[in-house]
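Survey of secondary and tertiary structure
What follows is the residue order along each chain.
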There are 2 protein chains.
Amino acid sequence: MQKYYQKIKNSSLFYGITDSELDRMLECFSATIKKYEEGDLIIRQGDIVTKIFLILEGEVNIEKDTYWGRRMIIQKLHANNNIGLSLVASKNVESNINAICTTDTLVLILNYEKCTRMCQNACSHHGALIDNLFKIISKENIELIEKIENISQKTIRDKLLTYLSNESIKNKSNTFEINFNRQELADYLNIDRSAMSFELSKLKQEGFIDFNKNKFKLKVEI
Amino acid sequence: MQKYYQKIKNSSLFYGITDSELDRMLECFSATIKKYEEGDLIIRQGDIVTKIFLILEGEVNIEKDTYWGRRMIIQKLHANNNIGLSLVASKNVESNINAICTTDTLVLILNYEKCTRMCQNACSHHGALIDNLFKIISKENIELIEKIENISQKTIRDKLLTYLSNESIKNKSNTFEINFNRQELADYLNIDRSAMSFELSKLKQEGFIDFNKNKFKLKVEI
DNA sequence: ACATTTCTGTTGTAATTACAACAAAAGGAA
DNA sequence: TTCCTTTTGTTGTAATTACAACAGAAATGT
């Protein structure tokens, strides 16, 4: 645990918490660290989730398999994103998603009730923690809406331009690197990979974008 | 305010709160009531939202206009849903959506900080309120994922069957009424209305579903 | 370096969809 | 009722997409 202190301390969940309180809180929250390997499932469809997971390191895809067996990537999560919070807070809800590690991943596991309820110890900054928790779940919410915007476009071209434009805004630059490989991006945008590749090439040829591997440049204002 | 007490008391935000505490809390949260008429915008794209809105009565669509001018319905909200929580909690984020009333609507407006931070008055059930707030935002989260599932299907037929199946599950019955009219449903599923009507007719003819106006019956297991 | 596997791009074709234009039905107002 | 408006259903056509099959490039392991 000790060796992860710095990471935990710098996580957005514990932003604004002093060192001594962090100690007390981690104990109070029955915090544990868990390492997952690439390909491991942190949560699977149907699970009743009882703990919340804060990603300290690594990448996790939130996925779902369609009735027809196609993979659907809902989100790609990183350090400081949480997994399971909305499931635990909803109480006794079966998970509707898989959380699968796409890299080796380090996770902080916490007790939800202890996080949301003020404890006897009355850590004085517990309020800040609750606030951080709201911030984290809200950010997730806003990203889901952004994803809906991306995939709600009618054509492959419009989906790509909307997605790239949103990435550009998030990176505050017209050049940026994306975390998806082509198949993942297709599964995220719910389009055929080959048709997507074709459209990317066309957009490049027409001078709207440029790209090399996962580095993209947006040459137009959307 | 007095005349809305019963509604407020029965809202999921104040579930588990005693009457006397409700009084104190409403004062503490600077709670106000506002009536909107059909067509009114509660939040518009670009707004910096500073209050949270709890729907007591009515229906509100969360919408977004695409760059190309098409309407996108993200969610339809009802009594006990909140509007703006994820925007306020994210702090100084411009709204990426419009919240538009599709009926006359009654809303309870609250101060976010007062809700999430324990107050001096230390209302003893403030913890329950925070818990309720997490439950509300989590439910929204899960519904967004459900919507993503609906619109991530490849064909109009699959989108319809997935949507109807999810509605059926939510209603715990294979017969149910939907809140969307045909154009709204098409805007929610991001498909062409006429093509959707055609597919609905085909599904009915083939015996998979039955419907009359907005009453649907699902005759197959998805 | 080499072999092998994975990832990305390209092309043709069949299937699906959007769109427009119109018909039919339902709902509202005078 | 009748007229008018809104909503829903139907059809044909052009545009878009999925899918399969394959080629080339890049990454990986030995």
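One numbering rule holds for all chains: residues counted from 1, following each sequence as written. Chain labels run from A onward and ligand labels from 1 onward, assigned in the order the entries are written. Where local features are concerned, this predicted model is filtered to residues with pLDDT of at least 70; where side-chain atom pairs are given and counted, the filter is 80 or more; whole-chain, interface and lining totals use all residues. Remark: hydrogens and water are excluded; side-chain values derive from all non-hydrogen atoms of the structure.

Focus: the relation of the copies chain A and chain B
The transformation that overlays chain A on chain B combines an axial shift of 0.0 Å with a rotation of 180 degrees, and the residual RMSD is 0.0 Å. In symmetry terms, the pair is related by a two-fold rotation axis. Every residue of chain A has its C-alpha some distance from the rotation axis, and the shortest such distance is that of N141 of chain A, at 2.9 Å. It only takes one pair of heavy atoms within 4.5 Å for two residues to be counted as in contact. In this assembly, 100% of the residues forming the interface of chain A have copies in chain B that are likewise at the interface, indicating an isologous arrangement. Each copy is superposed on the other by least squares, with the fit set by C-alpha atoms of residues at a pLDDT of at least 70 in both.

A closer look at the protein's contact with DNA strand C
The rule for a residue being near a molecule or strand is that one of its heavy atoms must lie within 4 Å of it. The environment of DNA strand C is made up of 19 residues, and the closest members are S197 and S201 of chain A together with T155, I156 and K213 of chain B. Expressed as a percentage, the sugar and phosphate content of the atoms of DNA strand C within 4 Å of the protein is 66%. Between N or O atoms, a polar contact is any pair within 3.5 Å; within protein, one atom must be a potential hydrogen donor and the other a potential acceptor, and residues adjacent in sequence are included only when both atoms are from side chains. R182 of chain A places a main-chain nitrogen or oxygen 2.9 Å from a phosphate oxygen of DNA strand C. A distance of 2.4 Å is found between a phosphate oxygen of DNA strand C and a backbone nitrogen or oxygen belonging to I156 of chain B. Under the DSSP-based scheme used, a helix requires at least four consecutive residues in state H or I and a strand at least two consecutive residues in state E, with every element numbered from the N terminus. Elements that contribute at least two residues to the surface near DNA strand C include exactly α7 (182-189) and α8 (193-205) of chain A together with α8 (193-205) of chain B. Counting residues per element, the surface near DNA strand C draws most heavily on α8 of chain A, at 5 residues. Amino acids are sorted into nonpolar (Ala, Val, Leu, Ile, Met, Phe, Trp, Tyr, Cys and Pro), charged (Asp, Glu, Lys and Arg) and polar (every other residue, Gly among them). Residues that form the surface near DNA strand C fall into these classes: 5 nonpolar, 8 polar and 6 charged.

Here's the deal with the interface of chain A and chain B
Often, the extent of an interface is quoted as the loss of accessible area on bringing the components together. Tallying the contact residues gives 49 residues for chain A and 49 residues for chain B. Where chain A abuts chain B, roughly 4,400 Å² becomes buried across the two surfaces, and 63% of that area is made up of carbon and sulfur atoms. Here the quantity called buried area is the accessible surface, traced with a 1.4 Å probe, that two parts lose on coming together, added over both. Ranking the residues of chain A by area buried against chain B places F134, I145 and I148 of chain A at the top, with a combined share of 15%. Any Lys or Arg side-chain nitrogen located within 4 Å of an Asp or Glu carboxyl oxygen qualifies as a salt bridge. For the interface between chain A and chain B, the tally reads 4 salt bridges. Close ionic contact of E149 of chain B with K64 of chain A constitutes a salt bridge, the shortest N to O distance being 3.1 Å.

Details of the sheet that holds strand β9 (residues 175-177) of chain B
All names here are of chain B. When DSSP locates at least two bridges between a pair of strands, those strands are taken to pair. What the 3 strands build is an open sheet, ordered β9-β11-β10; its pairing is antiparallel. Every interior strand has two partners, whereas the edge strands, β9 and β10 (209-212), have only one. Neighbour-to-neighbour, the strand axes of the sheet open up by a mean angle of 20 degrees, direction not taken into account. Of the strand pairs in this sheet, β9 and strand β11 (residues 215-218) are connected by 3 bridges, and their pairing is antiparallel. From the neighbouring strand, F176 faces β11, where its bridge partner is F216. Fitting a line to C-alpha atoms yields each axis, with helices limited to the stretch in contact; the angle taken between N-to-C directions then spans 0 to 180 degrees.

Re the pattern of salt bridges
All names here are of chain A. The final tally for this structure, using the stated rule, is 28 salt bridges over all chains. The partner of R71 in a salt bridge is D187, and the shortest N-O contact between them spans 2.7 Å. Note that R71 is positioned in strand β5 (residues 71-77) and D187 in helix α7, a separation of 116 residues in sequence. In this scheme, a residue with accessible area under 20% of its type's maximum is buried, one over 50% is exposed, and one in between is partly exposed, where area comes from a 1.4 Å probe on protein chains only. Of the residues examined, R71 reaches a relative accessible area of 26% and is grouped as partly exposed.

Focus on the domain arrangement of chain A
All names here are of chain A. Taken as a whole, chain A is organised into domain 1 (2-143) and domain 2 (153-218). These domain boundaries are the output of an automatic or database domain assignment. For domain 1 and domain 2, the distance between their C-alpha centroids amounts to 29 Å. With 10 residues of domain 1 at the interface, the matching set in domain 2 holds 7 residues. With both sides pooled, the region where domain 1 packs onto domain 2 buries about 740 Å², and carbon together with sulfur makes up 46% of that total. A per-residue breakdown of the area domain 1 buries against domain 2 is headed by R71, I73 and K76, which together make up 61% of the total. Taken together, the links from domain 1 to domain 2 amount to 2 salt bridges. With a shortest N-O distance of 3.5 Å, E184 and K76 are connected by a salt bridge.

Regarding the layout of surface pockets
A 1.4 Å probe that fits into a set of points on a 1 Å grid over the protein atoms alone but cannot get out defines a cavity; an open set with protein on both sides within 12 Å along at least five of seven lines defines a pocket, and lining residues are those with an atom within 4 Å of a point. Grid points are joined across faces, edges and corners, and a volume is the space filled by probe spheres set on the points. Empty space within the largest pocket amounts to approximately 940 Å³. Lining the largest pocket are 33 residues, and of these I142, E146, I169 and K170 of chain A together with V93 of chain B sit closest to its centre. Mapped by element, the contributors of at least two residues to the lining of the largest pocket are α5 (126-151) and α6 (156-170) of chain A together with β4 (60-65) of chain B. For the lining of the largest pocket, the element with the highest residue contribution is α5 of chain A, accounting for 8 residues. In terms of residue class, the lining of the largest pocket is built from 9 nonpolar, 14 polar and 10 charged. Volume-wise, the second largest pocket comes out at about 820 Å³.

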